[in-house]
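Observations on the three-dimensional arrangement
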Amino acid sequence: MLTVPHSRERIALIAESKSHGSLFLATGGAHITGDDFFKAAASNKRKEEISKMEVEKKKRLLFEKWSVEGLAVLDQKKAVNDLIGSELEKLLLMYHIPKAKHGNKGEKKKKWEEIKQRNEPPPAFQPWGPDDEAELCNLCKMDIKMEDTALERMRLIEKLKTKGSINNMEI
C-alpha cells in the first residue's frame, strides 16, 4: 500500500510496522521522513496512554457504581440481620472488598459488622468526570503534531541547556 508522506495513514502504517518489509510497504520503498517516523513513535506512546486511561475509566466508573449501590442499601437503614446477601455484597463492594473475599452470607455479615464497628468511611475515589472524558477523547483523535514527539522534547531540552550555558559564560 503506497501512502503520501506526512499523511495520517502513512503514520499509522509506520506505527504498526514490525519489520523492515512492512516499513517498505508503508513507504513504497521511499525514505522514511523524520517527521513521519517520530510521529509514528509518538502514536504508539499515545495508544498506550489511551489504553491506560480506558482502564482507569472503567475502574473509576465501577467504584462509582458500587458507591451508589452501597449508599442505596444504607439509605434503607436496615439492621445487619435484616440485610440479604446481595445487599451485603453491595456494601462490601462499596468498601472495595473484592467478591472473592466475601465468603458466604454469615462471613459477609461478620465483615460488615467489623466495618460498622470501626466506623470508617468508604474509601475515597475520584469519579470519572467530563474533564477526564474530554482528555480521553482528545487523545483518541490521534492528532499528533511535532511538538508531541520525542525529537521536539529533546530540542527544547537542548535549547534550555544552551540558554543556561550562555547565561553562565564569562567574558
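Digging into the overall build of the protein chain
- A count of helices and strands for the protein chain gives 7 helices and 0 strands.
- What you see in the protein chain, going N to C, is helices and strands ordered as α-α-α-α-α-α-α.
- Relative to a compact globule of 171 residues, whose C-alpha radius of gyration would be 16 Å, the protein chain shows 27 Å and is clearly more extended.
- Taken over the C-alpha atoms alone, the protein chain extends approximately 75 × 55 × 25 Å along its principal axes.
- The buried share of the protein chain, reckoned over its 171 residues, is 28%.

Structural notes on the layout of surface pockets
- The space that makes up the largest pocket amounts to roughly 180 Å³.
- When residues of the lining of the largest pocket are traced back to their parent elements, those giving at least two are helix H1 (8-16) and helix H3 (34-75).
- Among the elements that line the lining of the largest pocket, the one with the most residues is H1, at 4 residues.
- Residues belonging to the lining of the largest pocket are distributed by class as follows: 4 nonpolar, 3 polar and 5 charged.

Side note on a negative patch on the surface
- A contiguous patch of negative charge, built from Glu-48, Glu-49, Asp-131 and Glu-135, is present on the exposed surface.
- At the level of secondary structure, the elements contributing two or more residues to the negative patch comprise H3 and helix H6 (130-140).
- Look at Glu-135 and you get partly exposed, because its relative accessible area is 44%.

Thoughts on the packing of aromatic side chains
- The tally for this structure, following the rule as stated, stands at 4 aromatic pairs.
- A ring pair is formed by Phe-37 and Phe-38, whose centres lie 5.7 Å apart and whose planes are at 75°; its orientation type is edge-to-face.
- Look at Phe-63 and Phe-125: their rings are 6.1 Å apart centre to centre, the planes differ by 65°, and that puts the pair in the edge-to-face class. Placement of Phe-63 in helix H3 and of Phe-125 in the loop between helix H5 (105-118) and H6 is noted, with a sequence separation of 62 residues between them.
- Members of the aromatic cluster, joined through ring pairs, are Phe-63, Trp-66 and Phe-125.

Details of the pattern of salt bridges
- Per the stated rule, a full pass over the model turns up 15 salt bridges.
- Taking the shortest distance from any N to any O, the salt bridge between Asp-148 and Arg-46 comes out at 3.4 Å. Placement of Asp-148 in the loop between H6 and helix H7 (150-167) and of Arg-46 in helix H3 is noted, with a sequence separation of 102 residues between them.
- By relative accessible area, Asp-148 is classed as partly exposed at 31%.
- In this structure, a network of salt bridges that share partners links the residues Glu-56, Lys-59, Arg-60 and Asp-132.

Quick word on unusual backbone geometry
- For Asn-119, which is not glycine, the phi dihedral falls at a positive 55°.
- Among the structural elements, Asn-119 can be located in the loop between H5 and H6.
- Here Asn-119 falls in the exposed class, since its relative accessible area comes to 66%.
- Look at Met-142: it is not a glycine, yet its phi comes out positive at around 55°.
- Secondary-structure assignment places Met-142 in the loop between H6 and H7.
- The exposure class assigned to Met-142 is partly exposed, which follows from its relative accessible area of 22%.

As for the environment of Lys-145
- Here Lys-145 is to be found in the loop between H6 and H7.
- Separated by 110 residues in sequence, Lys-145 and Asp-35 have C-alpha atoms that sit 9.1 Å apart.

Things to note about the side chain of Lys-39
- The residue Lys-39 is located in helix H3 in this model.
- Look at Lys-39: it is buried, it has no salt bridge, and the nearest opposite charge is Asp-35 at 5.5 Å.
- Each residue touching Lys-39, except ones within four places of it in the same chain, is listed here: Ile-11, Ile-144, Lys-145, Met-146 and Thr-149.

Quick notes on the rules
Residues numbered from 1 in each chain as written. Predicted model: local features only at pLDDT ≥ 70, side-chain atom pairs only at ≥ 80, totals over all residues. Heavy atoms only, no water. Helix = DSSP H or I, 4+ residues; strand = E, 2+ residues; numbered from the N terminus. Rg over C-alpha atoms; globule rule 2.2 N^0.38 Å. Buried < 20%, exposed > 50% of the residue type's maximum accessible area, 1.4 Å probe, protein only. 1 Å grid on protein atoms, 1.4 Å probe; cavity = no way out; pocket = protein on both sides within 12 Å on 5 of 7 lines; lining within 4 Å. Points joined across faces, edges and corners; volume = space filled by probe spheres on them. Nonpolar A, V, L, I, M, F, W, Y, C, P; charged D, E, K, R; others polar. Patch = residues over 30% accessible without salt bridge, like charges linked within 9 Å, V, L, I, M, F, W, Y side chains within 5 Å. Areas by Shrake-Rupley, 256 points an atom, 1.4 Å probe, with all protein chains shown as cover. Salt bridge = Lys/Arg side-chain N within 4 Å of Asp/Glu carboxyl O. Lys, Arg positive; Asp, Glu negative; His and termini not counted. Charge placed at Lys NZ, Arg CZ, Asp CG, Glu CD. Phe/Tyr/Trp six-rings, centres within 6.5 Å; stacked < 30°, edge-to-face > 60°. Contact = heavy atoms within 4.5 Å.

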